[in-house]
Amino acid sequence: VPTLGNVAAKVRMRFGGFFTEVLPLLVVMSVAVRIVIVSGWLEAVHGLGPLTHRLFGIPAEAFVAVLVTMVQRYLAPLVLLNVPMSPREATIAIAMITLSLPCLPVMVMTAREAGWRVLAGVLAMAAGVSMSVGIVLNLVLPGG
């Protein structure tokens with residue numbers, strides 16, 4: 001049975017790590033994503049449209065939202081709100097976001113606790129699952 005002192009020390013250590021390592025990264029990345037949205041960069045990715053439509057059935061801007069989940073999960077819907085999509089496209093994009101890469105705080109903690117090799121494996125697996133689900137949904141959902 002853990003003692004109260006041990007639990008308190010572990011909680012203090014975790015919070016200290018979050019505030020010194022992760023929080024500054026979250027603030028910087030949140031500002032960067034907002035700049036991307038406001039700057040019109042999402043319109044610049046239209047060139048990827050044919051590829052993302054063929055593979056996943058979603059616009060290129062929605063695929064950017066999938067990639068944004070690496071920074072922070074809550075920012076992906078912010079990107080999606082700025083992209084006009086059909087219900088089919090939104091379903092695929094949300095499924096891919098849900099199953100996609102772990103966000104930055106999780107990546108930092110995984111690397112710290114389990115090492116960079118484990119993090120690389122987690123990233124590879126998550127990307128593979130997310131992309132596979134997007135492709136399968138694109139094939140099976142009607143209207144594609």
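As a reminder, the structure under discussion sits directly above these lines.
These remarks concern the structure in this document. Since the model is a prediction, treat every value here as computed from it, not as a measurement. (Residues numbered from 1 in each chain as written. Predicted model: local features only at pLDDT ≥ 70, side-chain atom pairs only at ≥ 80, totals over all residues. Heavy atoms only, no water.)

**Focus on the nonpolar core**
Phase 1 of the analysis: By size, the foremost hydrophobic cluster in this structure holds 22 residues, and its most contacted members are Ile58 and Met96.
Phase 2 of the analysis: Among the secondary structure elements, those contributing two or more residues to this core are α1 (4–39), α4 (60–68), α5 (75–80) and α6 (87–98).
Phase 3 of the analysis: Looking at this core element by element, the count peaks at seven residues for α4.
Phase 4 of the analysis: Beyond its immediate sequence surroundings of up to four residues, isoleucine 58 is in contact with Thr52, His53, Phe63, Glu89, Ile92, Ala93 and Met96. (Core = buried A, V, L, I, M, F, W, Y, C linked by side-chain atoms within 4.5 Å. Buried < 20%, exposed > 50% of the residue type's maximum accessible area, 1.4 Å probe, protein only. Helix = DSSP H or I, 4+ residues; strand = E, 2+ residues; numbered from the N terminus. Contact = heavy atoms within 4.5 Å.)

**Regarding the packing of aromatic side chains**
Phase 1 of the analysis: Tallied over the entire structure, the rule returns two aromatic pairs.
Phase 2 of the analysis: With a centroid separation of 5.4 Å and an interplanar angle of 5°, the aromatic rings of phenylalanine 56 and phenylalanine 63 are classed as stacked. There is no split in this pair, since phenylalanine 56 and phenylalanine 63 are both buried. (Phe/Tyr/Trp six-rings, centres within 6.5 Å; stacked < 30°, edge-to-face > 60°.)

**Remarks on the pattern of salt bridges**
Phase 1 of the analysis: Under the criterion given, the structure shown has one salt bridge.
Phase 2 of the analysis: The shortest N-O distance in the salt bridge between glutamate 113 and arginine 14 comes to 2.6 Å. One end of the pair, glutamate 113, is in helix α7 (residues 104–114); the other, arginine 14, is in helix α1, with 99 residues separating them in the sequence.
Phase 3 of the analysis: Overall, the relative accessible area of 46% leaves glutamate 113 in the partly exposed class.
Phase 4 of the analysis: By relative accessible area, which is 31% here, arginine 14 ends up partly exposed. (Salt bridge = Lys/Arg side-chain N within 4 Å of Asp/Glu carboxyl O.)

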